[in-house]
Amino acid sequence: KLIFDVIAAPYAEDYIRSGHERANHLQTVLGKNGYQLSNFRDILDFGCGCGRIIRHIKKIAPNSQLFGSDYNSRLIKWCQNNLTFATFFQNDLFPPLNLKDEQIDFCYAFSVFTHLSEELQYKWIKELHRILKKDGVLLFTCHGAAFIHTLSYEEREKLDEDKLVVFLSNHAGKNICGAFHPYNFVVNKLINGFTLIDFIPANKKGDQDIYIVRKN
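Residues numbered from 1 in each chain as written. Predicted model: local features only at pLDDT ≥ 70, side-chain atom pairs only at ≥ 80, totals over all residues. Heavy atoms only, no water.

A. Looking closely at the packing of helix H5 (residues 118-131) against helix H7 (residues 183-190). Where H5 meets H7, the closest approach of the two axes is 12 Å, and the angle between their N-to-C directions is 50 degrees. On the basis of the axis angle, H5 is oblique to H7. Considering the relative orientation of H5 and H7, their crossing is right-handed. Residue-level inspection shows Glu-118, Gln-121, Tyr-122 and Ile-125 of H5 in contact with H7, the latter providing Phe-185, Lys-189 and Leu-190. The residue inventory of the contact of H5 with H7, partitioned by class, reads four nonpolar, one polar and two charged. (Axes fitted to C-alpha atoms, helices over the stretch in contact; angles between N-to-C directions. Helix = DSSP H or I, 4+ residues; strand = E, 2+ residues; numbered from the N terminus. Parallel < 35°, antiparallel > 145°, perpendicular 65-115°, else oblique. Left-handed = near helix turned anticlockwise from the far one by under 90°. Contact = heavy atoms within 4.5 Å. Nonpolar A, V, L, I, M, F, W, Y, C, P; charged D, E, K, R; others polar.)

Structure representation (structure tokens):
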């Protein structure tokens, strides 16, 4: 049931494999930009689910202090009981996180901003800016051009105007809420206080774009 909540499929083998692939890809794109996971002292998995990725991050960065947070209390409880190598805590729909100012060196958020209202997009990017150290790095994913086939003509026009498109924003924080990000919206409006390091567009339909940014 928890696996289904995370990947919308009940197969443990797919869950483990996809988490391993995400962790390795994260390491690859960071390495391309001069970073190594093992060099980050404190790492946060924001939207950690039931540990799909963080369990593999532990193998890549065994000496790093790992943290995981999620809006879903059931997922966090499972992590706390089963993945004792990291510190897990529940976050509310709105900030703050239970972390100090400038505590984290690196934060990653896979498919989190894809399920937030526009108001929450701004609030959470500001909060992640708060908890990151100076020159700290944030990697997050968004629904971009690879998802345009799912949108109506009017919604595509809105994206063309560099506006965020959000479905069911009153269900923000849940999978049924969907946000779609044009590149210029992210770069010119969302990542205030950060410098864009790299943008990796999805290379096939259904994949998410990756943004890597550094705190100013």
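B. Representation of H5 within the structure. Helix length check: H5, at 14 residues, gives a terminal C-alpha distance of 21 Å against a target of 20 Å (1.5 Å per residue), a fit within 8%. Among the residues of H5, Leu-120, Gln-121, Trp-124, Ile-125, Glu-127, Leu-128 and Ile-131 are the ones counted as buried. Seen along its axis, H5 keeps its buried residues to an arc of 160 degrees; they face one direction. Buried residues belonging to H5 abut strand S1 (42-46), strand S4 (104-109), strand S5 (132-142), strand S7 (178-180), H7 and strand S8 (194-200). (Expected span 1.5 Å × (residues − 1). Buried < 20%, exposed > 50% of the residue type's maximum accessible area, 1.4 Å probe, protein only. Arc of directions from axis to C-beta.)

C. Region of the structure containing the packing of aromatic side chains. A full pass over the atoms with the stated rule returns 13 aromatic pairs. With centroids separated by 5.2 Å and ring planes inclined at 50 degrees, the aromatic side chains of Phe-113 and Phe-140 adopt a geometry described as tilted. You can see Phe-113 sitting in the loop between S4 and H5 and its partner Phe-140 sitting in strand S5, a full 27 residues away along the chain. In this structure, Phe-113 and Phe-140 share a single accessibility class: buried. Taken together, the ring pairs in this structure connect Tyr-35, Phe-40, Phe-106, Tyr-108 and Phe-110 into an aromatic cluster. (Phe/Tyr/Trp six-rings, centres within 6.5 Å; stacked < 30°, edge-to-face > 60°.)

D. Quick look at the sheet that holds S4. The mixed open sheet is built from seven strands, whose spatial order is S3-S2-S1-S4-S5-S9-S8. Taken across any chain shown, the strands that pair with only one partner, and hence form the sheet edges, are strand S3 (87-90) and S8. Pairs of neighbouring strands in the sheet enclose a mean axial angle of 15 degrees, with direction left out of account. Together, strand S2 (65-70) and S3 form the strand contacts of helix H4 (residues 73-82), whose direction differs from that of S3 by roughly 160 degrees. Contacts between H5 and the sheet are confined to S1, S4, S5, S8 and strand S9 (209-215), with S5 contributing the most and set at about 145 degrees to the helix. (Pairing = 2+ DSSP bridges.)

E. Spatial organisation of the pattern of salt bridges. Summed over all chains, the structure comprises 11 salt bridges. For Arg-130, the salt bridge identified is with Glu-127, shortest N-O distance 2.6 Å. Taken as a pair, Arg-130 and Glu-127 lie in helix H5 at a separation of three residues, close to a single helical turn. Connected via shared salt-bridge partners are Arg-41, Asp-42, Asp-105 and Lys-133. (Salt bridge = Lys/Arg side-chain N within 4 Å of Asp/Glu carboxyl O.)

F. Broad picture of the pairing of S9. Among the seven residues of S9, six are classified as buried, and the element is accordingly described as predominantly covered. Direction of pairing for S5 relative to S9: antiparallel, over a ladder of six bridges. Its bridge partner being in S9, Leu-139 is matched across the sheet by Ile-212. Bridging between S8 and S9 involves six bridges; their strand directions are antiparallel.

G. Up close: the nonpolar core. In this structure, Leu-44, Phe-46, Leu-97, Leu-138 and Phe-140 are the most contacted members of the largest nonpolar core, which totals 32 residues. When contributions to this core are tallied by element, the ones reaching two or more residues are S1, S4, H5, S5, H7 and S9. The element that contributes the greatest number of residues to this core is H5, accounting for five residues. Setting aside anything within four residues of it in sequence, one finds Leu-44 in contact with Phe-67, Gly-68, Ser-69, Leu-97, Leu-99, Ile-104, Phe-106, Cys-107, Tyr-108 and Ile-131. Counting residues in each nonpolar core, the second largest holds 31 residues, with Ala-23, Phe-40, Leu-75 and Ile-210 among its members. (Core = buried A, V, L, I, M, F, W, Y, C linked by side-chain atoms within 4.5 Å.)

H. Local environment of the layout of surface pockets. Taken as a whole, the largest pocket spans an internal volume of roughly 1,500 Å³. In terms of lining residues, the largest pocket is bounded by 47 residues, among which Val-6, Arg-52, Phe-110, Ser-111 and Gln-208 are the most central. When contributions to the lining of the largest pocket are tallied by element, the ones reaching two or more residues are helix H1 (2-7), helix H2 (12-32) and S1. By residue number, the principal contributor to the lining of the largest pocket is H2, which donates six residues. Taken together, 13 residues make up the lining of the second largest pocket; nearest its centre are Gly-144, Ala-145, His-181, Pro-182 and Tyr-183. (1 Å grid on protein atoms, 1.4 Å probe; cavity = no way out; pocket = protein on both sides within 12 Å on 5 of 7 lines; lining within 4 Å. Points joined across faces, edges and corners; volume = space filled by probe spheres on them.)

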